Amino acid sequence: MVRTNDLILKTMTVLIAFILFGFAVNLFFAGHNEPGGGFIGGLMTAAAIVLMYMAYGEKAVNKVLPFNYRTLIALGLIIAIATSVGSFLFGQPFLSQTFDYFHIPVFGEVELATALLFDLGVYLTVIGVTMTIVLTISSDR
């Protein structure tokens with residue numbers, strides 16, 4: 001059994017993963033008005049999770065993040081399809097979006113758009129697909 005000194009990697013992973021998760025959330029919420037969105041936010045989140053797997057190992061990360069990534073793919077696809085087809089219920093073209101401004105107590109006046117729900121589906125699908133691919137390749141011996 002080879003023992004390695006990976007204290008620096010584990011310590012820095014906490015900081016770097018926190019920054020990556022924060023940046024992923026920023027990209028996700030900026031997506032329907034600025035560059036970003038569900039796809040790149042999902043890739044950034046997957047990068048943070050992969051870094052955690054590299055630093056702490058599969059068993060430790062699976063205890064902290066007990067997700068079935070294949071189920072995450074299905075959930076993301078259901079959300080994306082439901083929001084895109086939902087426009088038919090209101091007599092609008094496929095993938096039409098609408099928005100309005102709401103007052104949220106802590107944040108003040110906030111714009112909420114249906115594109116955010118579609119981006120959530122894309123976000124979850126990208127995380128699920130990326131992590132399924134990475135974990136499948138890493139388990140191949």
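The structure reproduced in this document is the subject of the present report.

Thresholds applied
Residues numbered from 1 in each chain as written. Predicted model: local features only at pLDDT ≥ 70, side-chain atom pairs only at ≥ 80, totals over all residues. Heavy atoms only, no water. Helix = DSSP H or I, 4+ residues; strand = E, 2+ residues; numbered from the N terminus. Rg over C-alpha atoms; globule rule 2.2 N^0.38 Å. Contact = heavy atoms within 4.5 Å.

Notes on the overall build of the protein chain
Here is step 1 of the chain: Helix and strand counts for the protein chain stand at 5 helices and 2 strands.
Here is step 2 of the chain: Listed by position from the N terminus, the elements making up the protein chain come as α-α-α-α-β-β-α.
Here is step 3 of the chain: Expected size for 141 residues packed as a compact globule is a radius of gyration near 14 Å; at 18 Å, the protein chain overshoots this value by more than 25%.
Here is step 4 of the chain: A principal-axis box enclosing the C-alpha atoms of the protein chain has dimensions of 65 × 35 × 25 Å.

Quick look at the environment of glycine 41
Here is step 1 of the chain: Within the secondary structure, glycine 41 is located in helix 2 (residues 38-56).
Here is step 2 of the chain: In this structure, the C-alpha to C-alpha distance between glycine 41 and leucine 20, residues 21 residues apart in sequence, is 9.5 Å.
Here is step 3 of the chain: In this view, glycine 41 contacts Ala24, Leu27 and Tyr123; residues no more than four positions away in its chain are not counted.

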